[in-house]
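Structural overview for review
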There are 2 protein chains.
Amino acid sequence: MQQITGGVTAAKGFKAACCEANIKYKNRTDMAMVISEVPCECAGTFTTNVVKAACVQWDQKVVYGGGKLQAVVVNSGIANACTGKEGWDACEATAAAVEKELNIPAATVAVASTGVIGMQLPVEKLTNGVAMMSKTLDGSLEAGTAASKAIMTTDTINKEVAVTFEIGGKTITLGGMSKGSGMIHPNMCTMLGFLSTDLAIEKALMQEALSAVVKDTFNMITVDGDTSTNDTLLLMANGMAGNDVITEKNADYDAFVEALNFVCTYLARRMAGDGEGATKLFEAHVINAKSKEDARTLSRAIVGSNLSKAAIYGCDANFGRFLCAMGYSGVQFDQNDVELFFVSKAGKLQVFKFGTPLDFDEEFAVKIMKESEVTVFVDMHEGTEEACAWGCDLTYDYVKINADYRS
Amino acid sequence: MQQITGGVTAAKGFKAACCEANIKYKNRTDMAMVISEVPCECAGTFTTNVVKAACVQWDQKVVYGGGKLQAVVVNSGIANACTGKEGWDACEATAAAVEKELNIPAATVAVASTGVIGMQLPVEKLTNGVAMMSKTLDGSLEAGTAASKAIMTTDTINKEVAVTFEIGGKTITLGGMSKGSGMIHPNMCTMLGFLSTDLAIEKALMQEALSAVVKDTFNMITVDGDTSTNDTLLLMANGMAGNDVITEKNADYDAFVEALNFVCTYLARRMAGDGEGATKLFEAHVINAKSKEDARTLSRAIVGSNLSKAAIYGCDANFGRFLCAMGYSGVQFDQNDVELFFVSKAGKLQVFKFGTPLDFDEEFAVKIMKESEVTVFVDMHEGTEEACAWGCDLTYDYVKINADYRS
């Protein structure tokens, strides 16, 4: 497997476009469209929030209905959540516009929105946007990059990635883009993500792979503990690489899962590090836990704690906060078994050992924590399972962004 | 029932003292002691964090061991959590010092600590503090107030309250003090609280009353979602009011529960409104939920959301964030049943009705949200149960306080 330049248009047969539809933002692109030349097998995972945006309900119908997927239309600025029947009608109108412009059946069009909750989408601007984008669809890497920028809200960097790998002598490409900066929390993390591949694979297997990979990637990031109404991750596979269709869990399937895991981890870490107001990527790595689920829960609790996040921001090796977060996570453990370290490019420092705080070099601790990626490394000494979770520090800017986001 | 001036020394036979022990803070009082002239029946509730401070483990032995309680020694500055055997020894030494100075058996002495986790207590300063305080114990209201100030950490106001009520012609007094500003989250909320009464009541009944009242008071507040290692609430009843001992759930018991509920609600609200960096008390009031537990969960999710808290700070009627928080709380409901209002002294404004956002007067919304106490009022239209939760806004100062708390 090899990382290559590009994103959602890297795989064969995928094209993208974007435009300034003036949904809510001015003077920037705020709509994107991704299409495949041929219908795709698809898989998806969606928010677990019971208040689901209209577009999530729409996409669940498309993806779980058993049909194909050929186009995705995304807007930023307004989330189309808490919008009642009018919100559903906006999804329908968008899909109908794609059918009209591109002759792609509305039932194979997914829609996604991100932005303010509780505001109606301007339908005419949406359908005008679809018309504009239909004329500029393009399979270049630049078109993919432009699309990844159009779906940003408070994100400060666009997120895209692509890889190639071999299956039966054919080169397969898998690429994708995502956005997410606030309202980011596992289950599934609060985000939009769109992955495209030219792999040929059965739908059920693809869904199984995506659901499994999401658990250890997108569901392991948190910015603020708020699981959004709009989380959507879609994977489209158009089969244009020409490999024999994957129909069972063999070595080919494993190669695909490896690539999928790489792509999702890459995008997830990028989102965590670009959390609203963040200055750092904050990683928790828990090893030797009793179970995989314990390892996940503990690592998520660490990166999810406001007090831990503030300590990371302040470069304060206040390790008690991390232990405290582990303690209220719901996992049962004995603090006398635990070792805790701070790790970054600058070095590794143990601060807690088997129930007792250690004397440590505060200056060295600050040096470690000043790096742009800081890891809290915990050895539970209770089993063999491990997990990583990713978040970011809590800063003045997070508050600033969210105190006046809507206005 | 009537509110009166005073706090932990309001009830008959209780005395308090405090001193500058220089545990960690300089030039302020940082130790307090409360004693009863006679041994007390006692009840307590403690943190659910599995990483429990040494003092919590000590107090659980005292309270749940079935014996009496006659003195409580509290320090601020260092939490005595994650401190191993040395931490336990510090509790033992403190209790032993009380026995030596006041002839109160060490087994009837509770200890409590609040402050930095993972740092050892200076034992000699503690025992010196006990010696100093033993000489200045005083039953005046001023002594109670001084004690409530000595236990503060990042609190900006001290918290105390007292009430009287009648049982069988006897006037009963119930008073208390508490502290708590950061690491505040239900189960049980992160705090220290000390309640004293001259009521005569059986231990088991008293524990039942306290556990029940805590559910709707201290466990309904959150500042930052971090459940501390040190949460402790102790209730001492010395029986000196002279009433017939309450041995069953009769009208007398109900009068006591009413008073206990008032005192705990008062202290809980004071803690929420004095959350670290807070400028406002943020209340969520959920009515007509399917079950009491649903009502509690929904209201806690609202006040616990960072995004909701930032919107409250910014006076932004961004109601989607409150619905979003309800949606990920774990409670199942249909957004089409829900109505949502903003309420304060300035008025009441509906913003969401049965799945659809309403057009509303933004200026009026800002006016409502600028008050120092703001309520999000939600009618679920699904049942008859209700609950209130209390929190505070998320501000720059919360980040500031916690980015450099330890240094």
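**Comments concerning the overall build of chain A**
Secondary structure assignment for chain A yields eleven helices and 15 strands. On C-alpha atoms alone, chain A measures out to a radius of gyration of 22 Å, which is about the 22 Å that the 2.2 N^0.38 rule sets for 407 residues. Along the three orthogonal principal directions, the C-alpha set of chain A runs to about 70 × 55 × 35 Å. In chain A, which comprises 407 residues, the share counted as buried stands at 63%. In chain A, of all internal contacts separated by at least 6 residues, the share reaching a separation of at least 24 is 79%. With an accessible surface of roughly 13,500 Å², chain A has 49% of that area assigned to carbon and sulfur atoms. Once the 35 positive and 50 negative side-chain charges of chain A are each reduced to a mean point, those two points are 5 Å apart.

**Details of the pairing of strand β4 (residues 69-78) of chain B**
Residues and elements named next belong to chain B. With respect to burial, β4 is a largely interior element, ten of its ten residues being buried. With six bridges connecting them, strand β3 (residues 31-46) and β4 associate as antiparallel partners. Bridging across to β4, Ala32 finds its partner in Val74. Here β4 pairs with strand β5 (residues 109-116) via eight bridges, running parallel. When the sheet's bridge partners are listed, Ser76 is paired in β5 with Thr114. Of the crossover connections in this fold, the one passing from β4 over helix α2 (residues 84-102) to the parallel β5 is right-handed.

**Let's talk about the interface of chain B and chain A**
In this complex, chain B contributes 59 residues to the contact, which on the side of chain A involves 59 residues. In this assembly, chain B packs against chain A so that about 4,600 Å² is buried in total across both faces, 56% of it on carbon and sulfur atoms. Linking chain B to chain A there are zero salt bridges. Counting across the interface, chain B meets chain A through five residue pairs in polar contact (both at pLDDT 80 or more). Elements represented by at least two residues in the side of chain B that touches chain A include exactly α8 (306-313), α9 (320-327), β13 (356-357) and α11 (396-403) of chain B. Of the residues forming the side of chain B that touches chain A, the biggest block, six residues, is contributed by α11 of chain B. For the side of chain B that touches chain A, the class distribution of residues is 26 nonpolar, 24 polar and nine charged.

**Re the packing of helix α11 (residues 396-403) of chain A against α11 of chain B**
Here α11 of chain A crosses α11 of chain B at 165°, and the two axes come no closer than 8 Å. Overall, the two elements α11 of chain A and α11 of chain B adopt an arrangement that is roughly antiparallel. The chirality of how α11 of chain A crosses α11 of chain B is right-handed. Two secondary-structure elements touch here, α11 of chain A through Tyr396, Val399 and Lys400 of chain A and α11 of chain B through Tyr396, Val399 and Lys400 of chain B. Looking at the contact of α11 of chain A with α11 of chain B residue by residue, the classes come out as four nonpolar, no polar and two charged.

**Considerations on the pattern of salt bridges**
Counted under the stated rule, the structure contains 20 salt bridges over all chains. The partner of Glu41 of chain A in a salt bridge is Lys68 of chain A, with the nearest N and O atoms 3.2 Å apart. Placement of the pair is Glu41 of chain A in strand β3 (residues 31-46) and Lys68 of chain A in the loop between α1 (54-64) and β4 (69-78), with a sequence separation of 27 residues. Residues Glu208 of chain B and Lys249 of chain B are paired through a salt bridge, measuring 2.2 Å at the closest nitrogen-oxygen approach. Residue Glu208 of chain B is found in helix α5 (residues 203-216), and its partner Lys249 of chain B is found in the loop between β9 (232-237) and α6 (251-273); the two are separated by 41 residues along the sequence. Residue Lys249 of chain B is classed as exposed on the basis of its relative accessible area of 53%. Connected via shared salt-bridge partners are Asp216, Glu293, Arg296 and Arg300 of chain A.

**Describing the relation of the copies chain B and chain A**
Expressed as a screw operation, the relation of chain B to chain A combines 0.0 Å of axial shift with a rotation of 180°, fitting to an RMSD of 0.0 Å. Classification of the inter-copy transformation places it as that of a two-fold axis. Relative to the rotation axis, the closest C-alpha in chain B is found at Tyr396 of chain B, a distance of 2.5 Å. Both copies present the same face, since 100% of the interface residues in chain B are matched by interface residues at the equivalent positions in chain A.

**As for the sheet that holds strand β10 (residues 281-289) of chain A**
Residue and element names in this part refer to chain A. Ordered by their spatial adjacency, six strands build an open sheet running β13-β12-β11-β14-β10-β15, and the pairing between neighbours is mixed. Only two strands of the sheet have a single neighbouring strand rather than two, namely β13 (356-357) and β15 (385-392). In this sheet, strand β14 (residues 373-379) lies alongside β10 in parallel orientation, the contact comprising seven bridges. Note that in β14 the partner of Ala284 across the bridge is Val376.

**A closer look at unusual backbone geometry**
In most cases, non-glycine residues show a negative phi, while peptide bonds are predominantly trans. All names here are of chain B. Within the chain, Cys82 stands out as a residue other than glycine whose phi angle is a positive 60°. Looking at where Cys82 falls in the secondary structure, it is placed in the loop between β4 and α2. Despite not being glycine, Asn103 shows a phi value in the positive range, around 60°.

**Looking at the confidence of the model for chain A**
Should the pLDDT be low somewhere, the predicted coordinates at that spot are not to be read in detail. All names here are of chain A. The predicted model of chain A has a mean per-residue pLDDT of 89, with 95% of residues at 70 or higher. Of all secondary-structure elements in chain A, the lowest mean pLDDT belongs to α11, at 75, while helix α3 (residues 123-134) reaches the highest, 98. Interface confidence for the predicted complex, given as ipTM, is 0.70, next to a pTM of 0.78.

**A look at helix α5 (residues 203-216) of chain A**
The periodicity of an α-helix, 3.6 residues per turn, causes residues three or four places apart in sequence to face the same way. Residues and elements named next belong to chain A. Between its first and last C-alpha, α5 extends 21 Å over 14 residues, near the 20 Å set by a 1.5 Å rise per residue. For α5, the full list of buried residues reads Lys203, Leu205, Met206, Gln207, Ala209, Leu210, Val213 and Val214. Those residues of α5 hidden inside the fold are in contact with β3, α1, β8 (192-197), β9 (232-237) and α6 (251-273).

**Examining the environment of Met236 of chain B**
Relative to the assigned elements, Met236 of chain B resides in strand β9. Among residues more than four places away in sequence, those in contact with Met236 of chain B are Phe14, Cys40, Glu41, Leu69, Gln70, Ala71, Val72, Leu195, Ser196 and Thr197 of chain B.

**Considerations on α6 of chain A**
All names here are of chain A. Spanning 23 residues, α6 covers 33 Å between terminal C-alpha atoms, matching the ideal 33 Å at 1.5 Å per step. When α6 is considered as a whole, its buried residues turn out to be Tyr253, Ala255, Phe256, Ala259, Leu260, Val263, Cys264, Thr265, Leu267, Ala268, Met271 and Ala272. Two or three places before Asp252, at the start of α6, stands the capping residue Asn250, its side-chain oxygen 3.1 Å from that residue's backbone nitrogen.

**Remarks on the sheet that holds strand β14 (residues 373-379) of chain B**
Residues and elements named next belong to chain B. The strand order across the open sheet formed by six strands is β13-β12-β11-β14-β10-β15, and the pairing between neighbours is mixed. On the outer flanks of this sheet lie β13 and β15 (385-392), each paired with one strand and no other. The sheet contact formed by strand β11 (residues 339-344) and strand β12 (residues 347-353) spans six bridges and is antiparallel. For Val343, the partnering residue across the bridge sits in β12 and is Lys348. In the packing of helix α7 (residues 292-304) onto the sheet, the strands contacted are β10 (281-289), β14 and β15, and the crossing angle to β15 comes to about 20°. Sitting on the sheet, α9 touches β10, β11, β12 and β14, and the angle it makes with β11 is about 120°.

Conventions and cut-offs
Think of each chain on its own: its residues are numbered from 1, step by step along the sequence as written. In the order they appear in the text, chains get letters beginning with A and ligands get numbers beginning with 1. In view of the model being predicted, local features appear only for residues whose pLDDT reaches at least 70, and side-chain atom pairs are presented and counted only at 80 or more, with totals across whole chains, interfaces and linings using the full set of residues. Each side-chain value is worked out from all heavy atoms of the structure, with water and hydrogens disregarded. Helix and strand labels come from DSSP, where a helix needs a run of H or I of at least four residues and a strand needs a run of E of at least two; each type is numbered from the N terminus. C-alpha atoms define the radius of gyration, and 2.2 Å times the number of residues to the power 0.38 defines the globule rule. Burial classification: accessible surface area is computed with a 1.4 Å probe over protein chains only, and a residue below 20% of its type maximum counts as buried, one above 50% as exposed, and the rest as partly exposed. Residues are treated as being in contact if the distance between any of their heavy atoms lies within 4.5 Å. Areas reported here follow the Shrake-Rupley algorithm with a probe of radius 1.4 Å; residue values treat only the protein chains shown as occluding. Neither His nor the chain termini are counted; the positive set is Lys and Arg, and the negative set is Asp and Glu. Throughout, a charge is located at the NZ atom of Lys, the CZ atom of Arg, the CG atom of Asp or the CD atom of Glu. Paired strands, as defined in this entry, are two strands with at least two bridges between them according to DSSP. Note on handedness: a crossover is taken as right-handed if, strands pointing away from the viewer, the path from the first strand over the helix to the second is clockwise. The quantity reported as buried area is the accessible area (1.4 Å probe) lost by two parts once they are put together, taken as the sum for both. For this analysis, a salt bridge means a side-chain nitrogen from Lys or Arg found within 4 Å of a carboxyl oxygen belonging to Asp or Glu. N or O atoms closer than or at 3.5 Å make up a polar contact, with two conditions inside protein: a donor-capable atom paired with an acceptor-capable one, and, for residues adjacent in sequence, both atoms drawn from side chains. Amino acids are sorted into nonpolar (Ala, Val, Leu, Ile, Met, Phe, Trp, Tyr, Cys and Pro), charged (Asp, Glu, Lys and Arg) and polar (every other residue, Gly among them). The axes used here are C-alpha line fits, helices contributing only the stretch in contact, and every angle between their N-to-C directions lies in the interval 0 to 180 degrees. An angle below 35 degrees is read as roughly parallel, one above 145 as roughly antiparallel, one from 65 to 115 as roughly perpendicular, and any other as oblique. Should the near helix be turned anticlockwise from the far one by less than a right angle, the crossing is left-handed, and should it be turned clockwise, the crossing is right-handed. Copy-to-copy alignment: least squares on C-alpha atoms, limited to residues at pLDDT 70 or above in both. For every residue, the predictor assigns a confidence score, pLDDT, that lies between 0 and 100. Expected helix span is computed as 1.5 Å times (number of residues minus one).

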